[in-house]
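Coordinate inspection notes
Letter by letter, the chains look like this.
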Amino acid sequence: MHDDGLVQVSGEVSSALSDGRPVVALETTIIAHGLPRPTNLSVARDLEECLRARGVVPATVGVVGGRPVVGMDGAGLEVMAQAEGVAKASVRDLPLVVAGGAHAATTVAATAFLARRAGIRVFATGGLGGVHRGASDSFDESADLHVLARTPITVVCAGAKSILDVGATLERMETLGITVAGYRSDHFAGFYLRDSGFPVPWRVEEPGQVVAAMAAADGLGIPGAIVVSNPLPAEEQLDPELYHRSLDQALEDARREGRTGKEVTPFLLDRIQRATGGASLEANVRAVWRNVELAAGIARAWAERAR
Ligand code: PSU
Ligand code: MN
């Protein structure tokens with residue numbers, strides 16, 4: 001185990017990184033707050049298994065008892081999935097979580113930050129945080145965007161969480177200098193849905209093209225992330241009509257109950273899950289799985305290139 005005094009990087013992850021073998025980071029907010037028990041723990045384990053089966057070392061990131069961990073063991077995963085009161089930590093929360101010895105799941109922002117600090121170049125998640133609907137009044141824009149603007153890591157996702165204002169999220173990504181490419185698609189993925197309805201500025205067909213862009217970004221000294229939008233195949237998406245109906249109701253409930261801040265996302269995801277009879281959960285899990293598969297291909301191509 002490699003321990004720089006503050007962040008614990010597992011032995012498996014640190015030796016893979018020093019040998020130039022492929023590593024993919026995984027976040028834990030989706031485990032602790034995005035998926036219900038007991039599915040969450042089995043998904044966390046399955047995603048790691050998906051990577052291992054492809055010759056890639058998984059690096060699940062989170063904070064256990066105040067210690068940020070990159071490459072969580074089975075006991076850590078159980079804490080994330082099962083412990084009561086696991087906090088949801090973005091980058092700004094890390095100082096107090098660490099100082100207070102708390103358990104915390106890491107968002108895309110905090111995961112990207114910790115993964116990159118450990119030297120990891122590829123990260124797979126479900127949907128990015130972004131600009132919430134009504135943000136012109138609430139100012140609710142995820143720190144995910146701001147951290148990705150200054151973190152050179154490649155993030156494979158199914159677009160942004162579709163509960164967001166996706167058009168505004170894409171505009172902010174442009175402003176912030178986040179590189180965005182559609183994987184085998186001209187449209188930004190819609191998380192549960194194949195298509196968000198918005199175009200992407202660039203399209204890539206193969207992991208090798210992503211790796212070439214990563215190398216170019218490094219060479220140029222581009223400070224931000226490369227986001228690879230990976231849409232679900234049409235036959236795996238949630239029924240769009242059911243989805244839109246469920247979302248409208250969930251948004252209305254959130255407004256009526258006065259949900260704000262970081263509880264908005266878990267609240268909406270939970271309501272949509274109930275309203276779709278679990279179908280959104282299945283689509284969510286399929287999307288993350290697909291992203292992990294693609295991230296594995298990119299990480300392998302990146303490791304090959306460096307040899
Ligand atoms: N997408 C999901 N489930 C989730 C999230 C995204 O399908 O739980 C999490 C991610 O960890 C993301 C976070 O970083 O929500 C963003 O939260 P906020 O909008 O509060 O920044
Ligand atoms: Mn927010």
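A brief report on the enclosed structure follows. (Residues numbered from 1 in each chain as written. Chains lettered and ligands numbered in written order. Predicted model: local features only at pLDDT ≥ 70, side-chain atom pairs only at ≥ 80, totals over all residues. Heavy atoms only, no water.)

1. As for the packing of aromatic side chains
- Within this structure, the stated rule accounts for two aromatic pairs.
- Ring centres 4.5 Å apart and planes at 45° place the aromatic pair F191 and Y192 in the tilted group.
- On the accessibility criterion, Y192 (1% relative accessible area) is buried.
- In textbook terms, an aromatic cluster arises when at least three aromatic residues are bridged by ring pairs, as seen for F191, Y192 and Y243.
- The side chain of R305 reaches across the aromatic face of W302, ending 5.0 Å from its centre. (Phe/Tyr/Trp six-rings, centres within 6.5 Å; stacked < 30°, edge-to-face > 60°. Buried < 20%, exposed > 50% of the residue type's maximum accessible area, 1.4 Å probe, protein only. Lys NZ or Arg CZ within 6 Å of the ring centre and 35° of its normal.)

2. A short note on unusual backbone geometry
- Cis geometry marks the peptide bond from R37 to P38, where omega comes out at 0°.
- Among the structural elements, P38 can be located in the loop between α2 (29-34) and α3 (39-53).
- One non-glycine residue, R184, lies in positive phi territory at about 50°.
- You can see R184 is positioned in the loop between β10 (179-183) and β11 (202-204). (Helix = DSSP H or I, 4+ residues; strand = E, 2+ residues; numbered from the N terminus.)

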